[in-house]
Amino acid sequence: MESRSQFSRDRQLERLTSDAGIWDLVVIGGGATGVGIAVDAATRNYRVALFEQHDFGKGTSSRSTKLVHGGVRYLEQGNISLVREALHERGRLCRNAPHLVHPLPTIVPLHSQWERFYYGLGLKVYDLLSGRLRLGPSRHLSLAETLAEIPTLDTTGLCGGVRYFDGAFDDARLLVNLVQTAIESGAVCLNYAPVRGLVKESGRVAGIIAQDAESGKVLRIRARVVVNATGPFSDQVRRLDDPQAAAAIVPSQGIHLVFDRAFMPGDTALVVPKTRDGRVVFAIPWHEHAIVGTTDTPLTEVSLEPRPLPSEIEFLLETITPYWTRKPRPADIRSIFAGIRPLVRSGDARNTAKLARDHVIRVSSSGLVSIMGGKWTTYRRMAEDCVHRAAEVGGLLPTPCRTKTLPIHGAQGESLPGVLAGYGSDGPAIEQLASSRPELSKPLADRLPYLAAQVVWSARHEMARSVEDILTRRVRALFLDADAAVAAAPKVAELLAGELGRDAAWQADQLQQFEAVAENYRYHTSD
């Protein structure tokens with residue numbers, strides 16, 4: 001049965017329902033922005049409760065390009081302030097979560113002397129903007145040096161490269177650790193608790209009405225200030241406050257293709273600096289696979305499970321093929337994942353690729369605070385700005401931000417090698433759990449490195465409630481290899497049922513639900 005650790009969902013629900021007082025801050029949304037706000041506010045000693053409609057990171061925050069970066073293309077657009085801010089936040093993340101964020105050497109391939117000058121100069125500016133938080137110096141590479149870093153790079157017309165450093169990270173694992181950090185700092189964080197309405201008193205937002213999706217129980221929570229941090233769903237929450245609120249979000253979809261590591265066997269990323277849609281495309285080594293992305297496709301509606309479009313898949317294959325000696329075919333795709341960017345409307349907004357990723361904070365006439373836009377790299381700064389503003393709106397005692405040097409859960413202590421490295425200081429406890437029961441030390445499936453012990457840990461200490469929670473966001477199986485993840489699902493369902501006290505019918509339903517989700521991550525060929 002489920003452990004009663006401080007991070008269990010039962011404990012969080014118990015804390016929430018046993019406290020009838022007024023919360024200082026209620027946050028709607030359990031992605032990077034919302035959880036970052038919960039961490040910031042809780043470390044200022046505000047009383048914080050956070051509600052997520054599904055699982056933490058179900059939406060955009062688990063579907064990023066896996067980069068913590070300043071944004072090379074924003075530099076080209078002249079958005080110096082955004083690049084500088086992101087580069088400084090990148091350095092802080094590497095320092096505050098070293099078990100999950102690390103420097104990533106990245107190469108821009110060069111095909112002319114003009115490119116050598118142009119990109120070399122631009123990346124020196126990138127270095128300068130990083131200041132003391134720089135991850136490493138950029139420099140020109142010869143053709144031989146470039147191929148030593150990326151041996152599968154196609155040499156047609158190639159004369160060398162420019163190498164610079166950005167950060168790579170595991171987005172969903174970082175989010176789980178941020179939830180734990182928020183809880184350790186005093187916040188209550190509840191997944192599977194959709195907000196159905198807002199409480200108003202004298203025309204002011206004074207709380208929320210949520211529902212525990214597992215029991216159906218309605219939760220009426222009072223708050224001094226409510227923050228809407230729901231990303232692509234921001235307009236839906238704004239219309240709970242004002243049904244006539246004009247749309248502020250321009251949703252844009254980005255997809256990624258995942259291949260075996262053989263396509264990029266090194267530890268260096270590749271950037272395609274110019275594509276036909278005006279974006280850059282990255283090929284990144286990640287968890288012993290190669291990720292290629294991303295696209296920028298305007299959407300008319302948002303979904304928790306966006307579908308990759310055939311045209312997007314074709315675009316990425318077309319873009320990366322000239323750069324690899326081994327030419328990828330559709331049948332080589334191990335997984336495809338799609339995410340939605342919550343871009344903020346500006347002008348006619350017809351070209352989403354040109355909309356900046358700055359964040360915007362808006363306060364409605366009734367006091368609902370909405371934070372929109374931004375990106376993973378700047379989540380901490382976004383949270384700092386939002387909590388300052390929310391404290392003003394809610395009449396809270398002004399308190400300084402404490403997150404610039406705050407270690408994130410798992411950061412303090414030695415990391416184990418291998419599959420448990422991303423758990424940081426939690427790794428030894430999972431290793432001990434695996435050794436306590438022989439069946440927990442076994443891998444979940446072929447082609448996947450994950451252990452059965454990680455499933456049990458996720459249920460006990462990371463609020464995982466479904467097979468999908470585990471195979472997509474607690475471990476990254478579905479993002480790496482959709483077929484292998486489906487093969488692992490029966491074992492995961494069995495282990496999770498034992499932890500949560502569920503029966504065989506629940507397991508069967510879980511497998512059906514997971515297989516339906518996994519279809520979105522598969523490429524269906526006619527072979």
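Residues numbered from 1 in each chain as written. Predicted model: local features only at pLDDT ≥ 70, side-chain atom pairs only at ≥ 80, totals over all residues. Heavy atoms only, no water.

Novice: Go over helix H10 (residues 379-394), please, and point to the residues and values.
Specialist: For H10, spanning 16 residues, the distance from its first C-alpha to its last is 22 Å, which sits close to the expected 22 Å at 1.5 Å a residue. Gly395, located one to two residues past H10, shows a positive phi value of around 65°. (Helix = DSSP H or I, 4+ residues; strand = E, 2+ residues; numbered from the N terminus. Expected span 1.5 Å × (residues − 1).)

Novice: Before we move on, can you summarise helix H12 (residues 452-461) with the specific residues and values?
Specialist: With respect to burial, H12 is a largely interior element, nine of its 10 residues being buried. Of the positions making up H12, those classed as buried are Ala452, Ala453, Gln454, Val455, Val456, Trp457, Ser458, Ala459 and His461. Those residues of H12 that are buried lie in contact with helix H7 (171-184), helix H11 (427-436), helix H13 (467-474) and helix H15 (482-500). (Buried < 20%, exposed > 50% of the residue type's maximum accessible area, 1.4 Å probe, protein only. Contact = heavy atoms within 4.5 Å.)

Novice: Describe in detail the side chain of Ser5, supporting the description with residues and values.
Specialist: With respect to the element layout, Ser5 can be found in the segment before helix H1 (9-17). Residue classification places Ser5 among the buried residues on the basis of a relative accessible area of 10%. At 3.3 Å, the side chain of Ser5 and the side chain of His461 are in polar contact. For Ser5, the residues in contact, after removing those within four places along its chain, are Arg11, Arg460 and His461. (Polar contact = N/O pair within 3.5 Å; in protein donor to acceptor, adjacent residues only side chain to side chain.)

Novice: Quick one: what's the story with the nonpolar core, residue by residue and with numbers?
Specialist: Formed by 48 residues in total, the largest nonpolar core has its most connected members in Leu25, Ile37, Val48, Leu174 and Val227. Residues in contact with Leu25, not counting those within four places in the same chain, are Ile37, Ala41, Arg47, Val48, Ala49, Val225, Val227, Ala390 and Leu396. Membership of the second largest hydrophobic core comes to 47 residues, among which are Ile430, Val456, Ala477 and Ala484. (Core = buried A, V, L, I, M, F, W, Y, C linked by side-chain atoms within 4.5 Å.)

Novice: With reference to specific residues and values, describe the packing of H12 against H15.
Specialist: When two helices pack together, their arrangement is given by the angle between their axes and by how far apart the axes lie. Put simply, H12 and H15 touch, their axes get as near as 9 Å, and they point 40° apart. Here H12 runs over H15; the crossing is right-handed. Here Ala452, Val455, Val456, Ala459 and Arg460 of H12 come into contact with H15, specifically with Val492, Leu495, Leu496 and Glu499. Each residue belonging to the contact of H12 with H15 can be placed in one class, and the counts come to seven nonpolar, no polar and two charged. (Axes fitted to C-alpha atoms, helices over the stretch in contact; angles between N-to-C directions. Left-handed = near helix turned anticlockwise from the far one by under 90°. Nonpolar A, V, L, I, M, F, W, Y, C, P; charged D, E, K, R; others polar.)

Novice: Give a detailed account of the pattern of salt bridges, specifying residues and quantitative values.
Specialist: Here the structure, examined in full by the defined rule, presents 44 salt bridges. For Arg9, the salt bridge identified is with Glu214, shortest N-O distance 3.6 Å. Residue Arg9 is located in helix H1, and its partner Glu214 is located in the loop between strand E9 (204-211) and strand E10 (218-228); the two are separated by 205 residues in the primary sequence. Judged by its relative accessible area of 1%, Arg9 falls in the buried class. The exposure class of Glu214 is partly exposed, given its relative accessible area of 38%. A salt bridge links Arg389 to Glu392, with the shortest nitrogen-to-oxygen separation between them at 3.0 Å. Pair noted here: Arg389 and Glu392 are both in helix H10, with a separation of three residues, about one helical turn. What you see here is one network of salt bridges that share partners, running through Asp55, Lys58, Arg63, Glu305, Glu468, Asp469, Arg473 and Arg474. (Salt bridge = Lys/Arg side-chain N within 4 Å of Asp/Glu carboxyl O.)

Novice: Give a detailed account of the packing of aromatic side chains, specifying residues and quantitative values.
Specialist: Counted according to the given criterion, the structure contains 11 aromatic pairs. Here the aromatic rings of Tyr126 and Tyr164 are separated by 5.6 Å at their centres, their planes lie at 90°, and the arrangement is edge-to-face. Remark: Tyr164 occurs in strand E6 (residues 160-169) and Tyr126 occurs in helix H5 (residues 113-130); sequence separation between them is 38 residues. For Tyr164, a relative accessible area of 1% puts it in the buried group. With a centroid separation of 5.6 Å and an interplanar angle of 70°, the aromatic rings of Trp376 and Tyr379 are classed as edge-to-face. Members of the aromatic cluster, joined through ring pairs, are Trp114, Phe117, Tyr118 and Tyr119. Cation over ring: Lys66 sits above Trp286, and NZ or CZ is 5.1 Å from the ring centre. The ring of Tyr423 has Arg173 sitting right over it, with the charged end atom 4.2 Å from the ring centre. (Phe/Tyr/Trp six-rings, centres within 6.5 Å; stacked < 30°, edge-to-face > 60°. Lys NZ or Arg CZ within 6 Å of the ring centre and 35° of its normal.)

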